[in-house]
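Descriptive analysis of the structure
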Amino acid sequence: MGKGTQAKLLAEEFGVPHISTGDMLRAAVAAGTELGKKARAIMDSGQLVPDEIMIGIVREVLASPRARNGFILDGFPRTLAQAKALSAIFDELKSGDYKVVNFEVDDEEIIRRLSNRLVCEKDGKIYNVEIDGVSKGGPCPSCGGRLVQREDDKEETVRKRLKIYHSSTEPVLEYYKDGGLVLNLDGTSSIDVVNREIKMMVEE
Ligand code: AMP
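The notes below deal with the structure included here. Residues take numbers from 1 onward in each chain, read along the sequence in its written order. Totals for whole chains, interfaces and linings use every residue, but because this is a predicted model, local features are given only for residues with pLDDT of at least 70 and side-chain atom pairs only at 80 or more, for both listing and counting. The basis for the side-chain values is all heavy atoms of the structure; hydrogens and waters are excluded.

1. Here's the deal with the packing of helix α5 (residues 80-93) against helix α8 (residues 155-177)
Definition in use: Lines fitted to the C-alpha atoms define the axes, with helices restricted to the stretch that makes contact. Angles between their N-to-C directions range from 0 to 180 degrees. Helical segments are the DSSP runs of H or I of at least four residues, strand segments are the runs of E of at least two, and each set is numbered from the N terminus. Under this scheme an angle from 65 to 115 degrees is roughly perpendicular, one under 35 degrees roughly parallel, and one over 145 degrees roughly antiparallel; angles in between are oblique. Contacts: residue pairs with any heavy atoms within 4.5 Å of one another. Residue classes follow a fixed rule: Ala, Val, Leu, Ile, Met, Phe, Trp, Tyr, Cys and Pro count as nonpolar, while Asp, Glu, Lys and Arg count as charged, and any other residue, Gly among them, counts as polar.
Axis separation between α5 and α8 bottoms out at 8 Å; the angle between their running directions is 40°. The angle between α5 and α8 falls in the class oblique. Contact with α5, carried on its side by Leu80, Ala83, Lys84, Leu86 and Ser87, involves Ser168, Pro171, Val172, Tyr175 and Tyr176 of α8 and no other residues of that element. By residue class, the composition of the contact of α5 with α8 is seven nonpolar, two polar and one charged.

2. Quick look at the site of the ligand
Basically, it comes down to this: When at least one non-hydrogen atom of a residue lies within 4 Å of a molecule or strand, that residue is treated as near it. Polar contacts here mean pairs of N or O atoms no more than 3.5 Å apart (in protein, one a potential hydrogen donor and the other a potential acceptor; neighbouring residues in sequence count only if both atoms are side-chain atoms). Residue exposure ignores everything except the shown protein chains as possible cover, and the areas themselves are Shrake-Rupley values with a 1.4 Å probe.
Surveying the vicinity of the ligand reveals 16 residues, the closest of which are Lys3, Thr21, Gln47, Arg78 and Gln82. With respect to the ligand, the side chain of Arg26 contributes an N or O atom lying 2.9 Å from an oxygen atom. Side-chain polar atom of Gln82 to a nitrogen atom of the ligand: 2.9 Å apart, as the coordinates give it. Surface burial for the ligand is 96%, taken as the share of its 480 Å² of free accessible area covered by protein chains. Top contributing element to the shell around the ligand by residue count: helix α2 (residues 21-31), with four residues. Looking at the shell around the ligand residue by residue, the classes come out as six nonpolar, five polar and five charged.

3. Observations concerning the pattern of salt bridges
Going by this rule: By convention in these notes, a salt bridge is any Lys or Arg side-chain nitrogen within 4 Å of a carboxyl oxygen on Asp or Glu. Between buried and exposed lies partly exposed: a residue is buried under 20% and exposed over 50% of the maximum accessible area for its type, with that area taken using a 1.4 Å probe on protein chains only.
A complete count under the given rule lists 19 salt bridges for this structure. Between Lys3 and Asp74 there is a salt bridge, with its nearest N and O atoms 2.8 Å apart. With Lys3 in helix α1 (residues 3-14) and Asp74 in strand β2 (residues 72-74), this pair connects stretches of sequence that are 71 residues apart. What makes Lys3 partly exposed here is its relative accessible area of 39%. Shared partners join several salt bridges into a network, and the residues in it are Arg117, Arg150, Asp152, Asp153 and Arg161.

Encoded structure:
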């Protein structure tokens, strides 16, 4: 169960936008914008896009009317600087309460799962070799496009992403821990179980 799958589901159920920084960057890459040109190599190599760029993008989208009644923010903040900037943005916008969801999954399990993940070149839908019975190079069950592995899901790149995760992103948890805002979940549970646990926390 990926964080994107869960975020999308919750956004639908709560009737709020799913704001994924990874999706926004991939859309910029596909559209060939200035941002996309800058982000492409960074993403493909498994590194983080610089904080100033990410903070600017998130500030703009959170200030837009579509985010007025709440949102699910997916993939941000990934550094301490981003977390601090997000607090400032929430203050500026006088946003209400928020919660932080942390999916706990072993490094080796992440490597195994991402090596099984394929994406359709045409419609961007995500499949799993083991769960969906699809194969690399094969047709997308939904549109017939070709299924490929995301450049940043290659094992060597995933190992690099994990290293960066432990050094840059894990400290973000400490930042939120004091406020008791973090829900730690077993990221290997089923989509349904995780979904229920998050909703219970939000309704508390
Ligand atoms: P994701 O789809 O959330 O896994 O994001 C894919 C890639 O986009 C990441 O590996 C980073 O290269 C980049 N990215 C997404 N969100 C952020 C962020 N908050 N800060 C820096 N880079 C990001």
